[in-house]
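# Fold and geometry: a report
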Amino acid sequence: MNSNYAVDPIQMRFLIENCKEPLRFKNYIGCNVMEWSLEKWKAILKDEIMEFRCGVSKYTKNPQWERTTKIEHMKFDDFLTTMETNSKKWLYFDYKYLKDWLSNVEELKNEISWEAFGFPELNFEHSTLWIGSKGAHTPCHKDTYGSNIIFQIFGQKEWIIFPPEENLQQTRIPYEESSIYSKLNFYSPNPKDFKALSRCRKITLNPGDVLFLPNKWWHYVENLETSISLNTWISMEVDHEERINESLIQLIISQFSKDLNKDQQKILLNPNIQDEIQNLNFATAIETVNFCKEKFMEEQKNKKFKSEQNENAKPQNFLSVDKILDENVFIEKVNVMSNEEFHQYIENKSKNFKIDTNFDDNEIRNNCIEKTIDAFTDPDVISLVKQKLLNS
């Protein structure tokens, strides 16, 4: 992937590492993959067997968590055929690292590099591919590690974005390391659940668009049509501290889940981490916490040393986020919707499916267990425990 503009990669890297708001890059990236039709993708992927998450195109009271969707394996050609003939479900080849799934597809591998954003070290190995039908989506969540760069290759994808501090009724159920979910269902919303929200940003990514999403910003993502996109995550200094938080939450979740029955464990744990958590003993969980703590303290010492070494050094070239944005017209901030626009959007979206107040997702839930876990994993609680550990 090459840049269509003559921009210093150092400036781009500085922008990505320091900007605190979502950005859209329009027509910044140029590469052959942008020209690929679905027929070309079919030829490229050939007989590769792909794993799709399968959800339903109808109202559900709760978000369509990964545990409530089915898994279907098929070739890309079969995916296209299925979507042409079946409107009652959606399919999503989501969050798939290319090094794990399509490492033999040389024509794709050779196209991927994030050098244009100042990260030449990131390539195919560090990228995930997302292929989905209309309606395919991820429940609203925020990532605890890193920031996110998303390149829209084919079709349109809608992003609903909120700043980290917005109250989206966060929960660690289902538990997945580094993912904090919202209890709100954006796919088939009940408008009364969204009345308290504000400061929403809504953006539709078109082919050629790149979205930068800063650390911990809430996002709900839905395909408006058959869509293909790539992304990579950019590591941040704060990740070392966040790993302490995540290790503490992992400790709590692993111990809480030990004596639950299988139905309750299924609700508590995301499928991709269920075996790992169930096999995690207390001693190993504590070791992980201590390892993360020691790693963070080591990084803090290194950071202090580098700061002291460079305290008298003056940068040769002054860089600022605002200056870079002013000088590059193809980069734009994602605008905030008015409250009226947002609530009208939710109202319109709620009309896609008839609300069924008697809907039963067949999950055997225990509100007492969920409320207790949410209390123990609340960010204020975890932060207090972390500070006690670091001060001990």
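Quick caveat: nothing in here was measured; it's all calculated off a predicted structure. (Residues numbered from 1 in each chain as written. Predicted model: local features only at pLDDT ≥ 70, side-chain atom pairs only at ≥ 80, totals over all residues. Heavy atoms only, no water.)

The secondary structure content of the protein chain amounts to 13 helices and 19 strands. At 22 Å, the protein chain has a C-alpha radius of gyration in line with the 21 Å of a compact globule built from 392 residues. The C-alpha extent of the protein chain, read off along each of the three principal axes, is 65 × 60 × 50 Å. When the 392 residues of the protein chain are sorted by exposure, 49% land in the buried category. Here the analysis covers contacts within the protein chain between residues at least 6 apart in sequence; of these, 85% occur between residues at least 24 apart. Carbon together with sulfur atoms contributes 47% to the accessible area of the protein chain, which is approximately 19800 Å² in total. Averaged over its 49 positive side-chain charges, the protein chain has a centre that lies 4 Å from the centre of its 61 negative ones. (Helix = DSSP H or I, 4+ residues; strand = E, 2+ residues; numbered from the N terminus. Rg over C-alpha atoms; globule rule 2.2 N^0.38 Å. Buried < 20%, exposed > 50% of the residue type's maximum accessible area, 1.4 Å probe, protein only. Contact = heavy atoms within 4.5 Å. Areas by Shrake-Rupley, 256 points an atom, 1.4 Å probe, with all protein chains shown as cover. Lys, Arg positive; Asp, Glu negative; His and termini not counted. Charge placed at Lys NZ, Arg CZ, Asp CG, Glu CD.)

Attention now moves to empty space enclosed by the protein. Rolled over the atoms, a probe sized like a water molecule indicates the empty space that remains. Applying the stated criterion across every chain yields a total of two cavities of 30 Å³ or more. Estimated volume of the second largest cavity: approximately 50 Å³. Looking at side-chain class alone, the lining of the second largest cavity contains five nonpolar, five polar and two charged residues. (1 Å grid on protein atoms, 1.4 Å probe; cavity = no way out; pocket = protein on both sides within 12 Å on 5 of 7 lines; lining within 4 Å. Points joined across faces, edges and corners; volume = space filled by probe spheres on them. Nonpolar A, V, L, I, M, F, W, Y, C, P; charged D, E, K, R; others polar.)

Axis angle and axis distance: for two packed helices, these are the angle between their axes and the distance between the axes, and together they describe the pair. Running from N to C, helix H6 (residues 239-257) and helix H12 (residues 367-376) point in directions that differ by 155°, and their axes come no closer than 10 Å. Here H12 runs roughly antiparallel to H6, going by the angle between their axes. In the packing of H6 onto H12, the handedness of the crossing is right-handed. Of the residues in H12, those touching H6 at Ile252, Ile253 and Phe256 are Thr372, Ile373 and Phe376. When its residues are assigned to classes, the contact of H6 with H12 shows five nonpolar, one polar and no charged. (Axes fitted to C-alpha atoms, helices over the stretch in contact; angles between N-to-C directions. Parallel < 35°, antiparallel > 145°, perpendicular 65-115°, else oblique. Left-handed = near helix turned anticlockwise from the far one by under 90°.)

Here we come to the environment of Thr68. Position of Thr68 among the secondary structure elements: in the loop between strand E4 (50-56) and strand E5 (70-74). Overall, Thr68 belongs to the partly exposed group, its relative accessible area being 38%. At 2.8 Å, the side chain of Thr68 forms a polar contact with the backbone oxygen of Trp65. (Polar contact = N/O pair within 3.5 Å; in protein donor to acceptor, adjacent residues only side chain to side chain.)

As a further point, take the sheet that holds strand E10 (residues 137-143). As summarised here, the arrangement of the six strands in space is E13-E14-E10-E17-E12-E15, forming an open sheet in which the pairing is antiparallel. Each of the sheet's edge strands pairs with one partner strand only, and the pair in question is strand E13 (170-176) and strand E15 (201-205). Ignoring strand direction, the axes of neighbouring strands in this sheet form an average angle of 35°. (Pairing = 2+ DSSP bridges.)

According to UniProt, the feature "domain: JmjC" (unreviewed entry) maps to residues 94-249 in the numbering used here. Annotated as residues 94-249, this span is 12% helix and 46% strand, and its ends, taken at the C-alpha atoms, are 25 Å apart. (UniProt positions renumbered as here; feature names shortened; annotations may be inferred.)

This paragraph deals with the sheet that holds strand E16 (residues 210-213). Working definition: the strands of a sheet are paired by backbone hydrogen bonds and lie parallel or antiparallel to each other. With antiparallel pairing, the nine strands of this open sheet are ordered in space as E5-E4-E6-E9-E18-E11-E16-E2-E19. Among the strands making up the open sheet, the edge pair consists of E5 and strand E19 (331-333). Direction aside, the axes of adjacent strands within the sheet are offset by 25° on average. Bridge count for E4 against E5 is five bridges, and the pairing is antiparallel.

Relative orientation of the contacting elements H6 and helix H13 (residues 379-391) amounts to 110°, with a least axis distance of 10 Å. Comparing the axis directions of H6 and H13 gives the class roughly perpendicular. The interaxial crossing formed by H6 with H13 has right-handed handedness. Counting all contacts with H6, which are made through Glu241, Ile244, Asn245, Leu248, Ile249 and Ile252, the residues of H13 involved are Ile382, Val385, Lys386, Gln387, Leu389 and Leu390. Split by residue class, the contact of H6 with H13 holds eight nonpolar, two polar and two charged.

As a further point, take the packing of aromatic side chains. For any two aromatic rings, the description comes down to two numbers: the centre-to-centre distance and the angle of the planes. By the definition in use, this model includes 22 aromatic pairs. Through a chain of ring-to-ring contacts, the aromatic side chains of Phe25, Tyr28, Trp114, Phe117 and Phe330 assemble into a single cluster. The residue whose ring lies beneath Arg243 is Tyr145, and the NZ or CZ to ring-centre distance is 5.1 Å. (Phe/Tyr/Trp six-rings, centres within 6.5 Å; stacked < 30°, edge-to-face > 60°. Lys NZ or Arg CZ within 6 Å of the ring centre and 35° of its normal.)

The end-to-end C-alpha separation of H6 is 26 Å, in line with the 27 Å expected for 19 residues at 1.5 Å each. Across the 19 residues that make up H6, a large majority, 14, are buried. (Expected span 1.5 Å × (residues − 1).)

This next bit is on H13. The end-to-end C-alpha distance of H13, which contains 13 residues, comes to 18 Å, matching closely the 18 Å that a straight helix rising 1.5 Å per residue would cover. Along H13, the residues that are buried comprise Ile382, Lys386 and Leu390. Within H13, the buried residues cover an arc of 70° as seen down the axis, which keeps them to one side. Opposite the buried face of H13, by more than 90 degrees, sit the exposed residues Asp380, Leu384, Lys388 and Asn391. Two or three places before Asp380, at the start of H13, stands the capping residue Asp378, its side-chain oxygen 2.9 Å from that residue's backbone nitrogen. (Arc of directions from axis to C-beta.)

Our next topic: the pairing of E16. Residue alternation in E16 divides its side chains into two sets, Val210 and Phe212 and Leu211 and Leu213, and both sets are buried. As judged from the three bridges shared by strand E2 (residues 23-25) and E16, these two strands associate in the antiparallel manner. Of the residues in E16, the one forming a bridge with Phe25 is Val210. Pairing analysis gives four bridges linking strand E11 (residues 147-154) to E16, with the strands arranged antiparallel. Looking across to E16, one finds that Phe151 is bridged to Val210.

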